Amino acid sequence: MTTIIRFKIISTEQIPEDRRIHVFDIQQQERLSFNLKSLYRSLERNECGIELKEFLETKKFKIDHGYYDFKSHVS
């Protein structure tokens, strides 16, 4: 069975006391940008929220350590 990837992290940036995430939603063909801490408060309002949360949890280590920052992008 093939797993279809829905999201791709474009980049992240460190902002005071939070991290801004830039993601591309492949299914909806749109770019999403959000603050990581505020994301969990608004997941219920977005239909892709659960899937996005699961995706970000799998990438949590790389996000927390800045692997997707503009200067040190790693996929």
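Residues numbered from 1 in each chain as written. Predicted model: local features only at pLDDT ≥ 70, side-chain atom pairs only at ≥ 80, totals over all residues. Heavy atoms only, no water.

## Quick look at helix 2 (residues 49-58)
Then, number 1: The complete set of buried residues in helix 2 reads Gly 49, Leu 52, Phe 55 and Leu 56. Across the axial projection of helix 2, the buried residues extend over an arc of 125°, all falling on one side. For helix 2, the exposed residues lying more than 90 degrees away from the buried face are Ile 50 and Thr 58. (Buried < 20%, exposed > 50% of the residue type's maximum accessible area, 1.4 Å probe, protein only. Helix = DSSP H or I, 4+ residues; strand = E, 2+ residues; numbered from the N terminus. Arc of directions from axis to C-beta.)

## Considerations on the sheet that holds strand 1 (residues 7-15)
Then, number 1: Strand order in the open sheet made by the three strands is 1-2-3, with antiparallel pairing throughout. Both outer strands of the open sheet, strand 1 and strand 3 (30-35), are each paired with one neighbouring strand and no more. Ignoring which end each strand starts from, the neighbouring axes of this sheet average 15° apart.
Then, number 2: Lying on the sheet, helix 2 is in contact with strand 1, strand 2 (18-25) and strand 3; it crosses strand 1 at an angle near 70°. (Pairing = 2+ DSSP bridges. Axes fitted to C-alpha atoms, helices over the stretch in contact; angles between N-to-C directions. Contact = heavy atoms within 4.5 Å.)

## Observations regarding the pattern of salt bridges
Side-chain pairs of opposite charge can arise whenever the charged atoms involved come near each other.
Then, number 1: The full count for this structure, using the stated rule, is four salt bridges.
Then, number 2: Residue Arg 6 pairs with Asp 25 through a salt bridge whose shortest N-O separation is 3.0 Å. Separated by 19 residues along the polypeptide, Arg 6 in the segment before strand 1 and Asp 25 in strand 2 bring together distant segments of the chain. Assigned by exposure class, Arg 6 and Asp 25 land together as buried.
Then, number 3: Note that Arg 6 and Glu 51 form a salt bridge whose closest N and O atoms lie 3.1 Å from each other. (Salt bridge = Lys/Arg side-chain N within 4 Å of Asp/Glu carboxyl O.)

## Quick word on the confidence of the model for the chain
Then, number 1: Per-chain confidence: the chain averages 80 in pLDDT, with 80% of residues scoring 70 or above.
Then, number 2: Averaged over each element, pLDDT in the chain is lowest for helix 1 (residues 36-42) (76) and highest for strand 3 (90). (pLDDT = per-residue confidence, 0-100.)

## Concerning the packing of aromatic side chains
Then, number 1: Under the definition given, this model contains two aromatic pairs.
Then, number 2: Aromatic pair Phe 7 and Phe 55: ring centres 5.8 Å apart, planes at 40°, arrangement tilted. Of this pair, Phe 7 sits in strand 1 while Phe 55 is found in helix 2, placing the two residues 48 residues apart along the sequence. Across the pair, exposure class does not vary: Phe 7 and Phe 55 are buried alike.
Then, number 3: Here Phe 61 and Tyr 67 contribute two aromatic rings whose centre-to-centre distance is 6.0 Å and whose plane-to-plane angle is 45°, an arrangement assigned as tilted.
Then, number 4: Look at Tyr 67 and you get partly exposed, because its relative accessible area is 33%. (Phe/Tyr/Trp six-rings, centres within 6.5 Å; stacked < 30°, edge-to-face > 60°.)

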